[in-house]
Amino acid sequence: MTRTWLGRLGAVLLVTVTTTLGTASAAAPGPAEPAGSPQGLRESTVTVIDFRLDTEMLVRGWVLCASQAAADAIVSARAGGIAPALKAYDRLREAKSCGRFAELRVILRRPLYQSGSEIDRDVRVFGASVNLGGNWASGFLIYGGVPVE
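The residue numbers shown here count from 1 along each chain, following its written sequence. For a predicted model such as this one, the threshold for reporting local features is a pLDDT of at least 70, and the threshold for listing and counting side-chain atom pairs is 80 or more; totals across whole chains, interfaces and linings nevertheless cover every residue. Only hydrogens and water are set aside; all other atoms, that is, all heavy atoms of the structure, feed into the side-chain values.

Chemist: Sorry if this is basic, but what is going on with the pairing of strand β4 (residues 103–114) here?
Modeler: Along any regular strand the residues' side chains alternate between the sheet's two faces. Any two strands with at least two DSSP-identified bridges between them are counted as paired. Put simply, DSSP marks the helices as runs of H or I at least four residues long and the strands as runs of E at least two long, and each gets a number from the N terminus on. Across five bridges, the pairing between strand β1 (residues 56–60) and β4 is antiparallel. Paired with Glu-56 across the bridge in β4 is Ile-107. As judged from the eight bridges shared by β4 and strand β5 (residues 124–132), these two strands associate in the antiparallel manner. Within β5, the position partnered with Val-106 by the bridge is Val-130.

Chemist: What exactly am I supposed to notice about the environment of Gly-99 here?
Modeler: You can see Gly-99 is positioned in strand β3 (residues 98–100). Its relative accessible area of 13% is what places Gly-99 among the buried residues. Residues Gly-99 and Leu-64 lie 35 residues apart in sequence; the distance between their C-alpha atoms is 5.5 Å. Partly exposed describes any residue whose relative accessible area lies between the buried limit of under 20% and the exposed limit of over 50%, with all areas from a 1.4 Å probe on protein chains only and scaled to the type maximum.

Chemist: Explanation requested: the pattern of salt bridges in the structure shown.
Modeler: Once their charged atoms are close, side chains differing in charge can pair, the charge on each being opposite to the other. Any carboxyl oxygen of Asp or Glu within 4 Å of a side-chain nitrogen of Lys or Arg constitutes a salt bridge here. All chains considered together, the criterion is met by five salt bridges. Here Arg-105 and Glu-56 are joined by a salt bridge, their closest N and O atoms 3.6 Å apart. One end of the pair, Arg-105, is in strand β4; the other, Glu-56, is in strand β1, with 49 residues separating them in the sequence. Accessibility expressed as a relative area gives 34% for Arg-105, which makes it partly exposed. Classification of Glu-56 by relative accessible area gives partly exposed; the value is 44%. When the shortest N-O distance is used, the salt bridge between Asp-122 and Arg-124 registers 3.0 Å. The buried category is assigned to Arg-124, whose relative accessible area is 17%.

Chemist: Just checking my understanding: could you explain the sheet that holds β5 for this structure?
Modeler: Adjacent strands of a sheet pair through backbone hydrogen bonds, lying either parallel or antiparallel. Strands sit in the order β1-β4-β5-β6-β2-β3 across an open sheet of six strands; the sheet is antiparallel. Of all the strands in the sheet, just β1 and β3 have a single pairing partner and so form its edges. Averaged over all pairs of adjacent strands, the angle between their axes in this sheet comes to 45°, without regard to strand direction. Residues are treated as being in contact if the distance between any of their heavy atoms lies within 4.5 Å. Working convention: axes come from line fits to C-alpha atoms, limited for helices to the stretch in contact. Angles between N-to-C directions cover 0 to 180 degrees. Across the sheet, helix α3 (residues 68–78) is in contact with β2 (63–65), β3, β4, β5 and β6 (135–143); its angle to β6 comes to roughly 20°.

Chemist: Quick question: what am I supposed to make of the packing of aromatic side chains here?
Modeler: To describe a pair of aromatic rings, one takes the distance between the centres and the angle between the planes. Centres within 6.5 Å make a pair out of two Phe, Tyr or Trp rings, where for Trp the six-membered ring is used; the pair is then stacked when the planes are under 30 degrees apart, edge-to-face when over 60, and tilted otherwise. Applying the stated criterion across every chain, the model contains five aromatic pairs. Between Phe-51 and Tyr-143, the ring centres sit 5.1 Å apart and the planes meet at 65°, which makes this aromatic pair edge-to-face. Of this pair, Phe-51 sits in the loop between α2 (39–47) and β1 while Tyr-143 sits in strand β6, placing them 92 residues apart in sequence. Of the two residues examined, Phe-51 and Tyr-143, each falls in the buried class. Measuring from ring centre to ring centre gives 6.2 Å for Trp-62 and Phe-126, while their planes differ by 15°; the resulting arrangement is stacked. Of this pair, Trp-62 sits in the loop between β1 and β2 while Phe-126 sits in strand β5; the two residues are 64 residues apart in sequence, bridging distant segments of the chain. Here Phe-126 falls in the buried class, since its relative accessible area comes to 3%.

Chemist: I tried to follow the nonpolar core on my own but got confused; where do I start?
Modeler: As a rule of thumb, soluble globular proteins bury nonpolar side chains together. The criterion is simple. A nonpolar core is a set of buried Ala, Val, Leu, Ile, Met, Phe, Trp, Tyr and Cys residues joined through side-chain atoms within 4.5 Å. With 14 residues, the main nonpolar core has Val-63, Cys-65, Ala-71, Ile-74, Cys-98 and Ile-142 as its most contacted residues. Going through the elements one at a time, β2, α3, α4 (82–94) and β6 are the ones with two or more residues in this core. Of all the elements, α3 adds the most residues to this core, at four residues. Residue contacts for Cys-98: discarding those within four places in its chain leaves Val-63, Leu-64, Cys-65, Ala-70, Ile-74, Leu-92 and Arg-93. Counting residues in each nonpolar core, the second largest holds 13 residues, with Met-57, Leu-104, Val-106 and Val-130 among its members.

What follows is the structure in structure tokens.
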């Protein structure tokens, strides 16, 4: 009886720790998974990311576009698969309309798009303020639209 109770307590603690780790990663949404994380943790981390509006945060691996049209082009291409999204991104990167940044300090202002069942992963576009070299500028951020190389 005691072993069963202790086993259940251990399972509750594991769920609590997993949820806490997911919440901690939500403070700075970036790649949805820490390197080397088990498959189960990767999936739970994705579902608890908190895209807080009007809060300064550091994001990693997101794509910044100068216009909403450029961000929309990548997201539209992503609905057709990874290859079309990469092609659209490469074209816009060469035109200096979009780029991926290792880290950006941002303030998400308004959600513009969230993927539904047409895309196999969570893809979002935000209108945002972005800190570029100490100066804040407006831009359009894409989360999850282009796979990290």
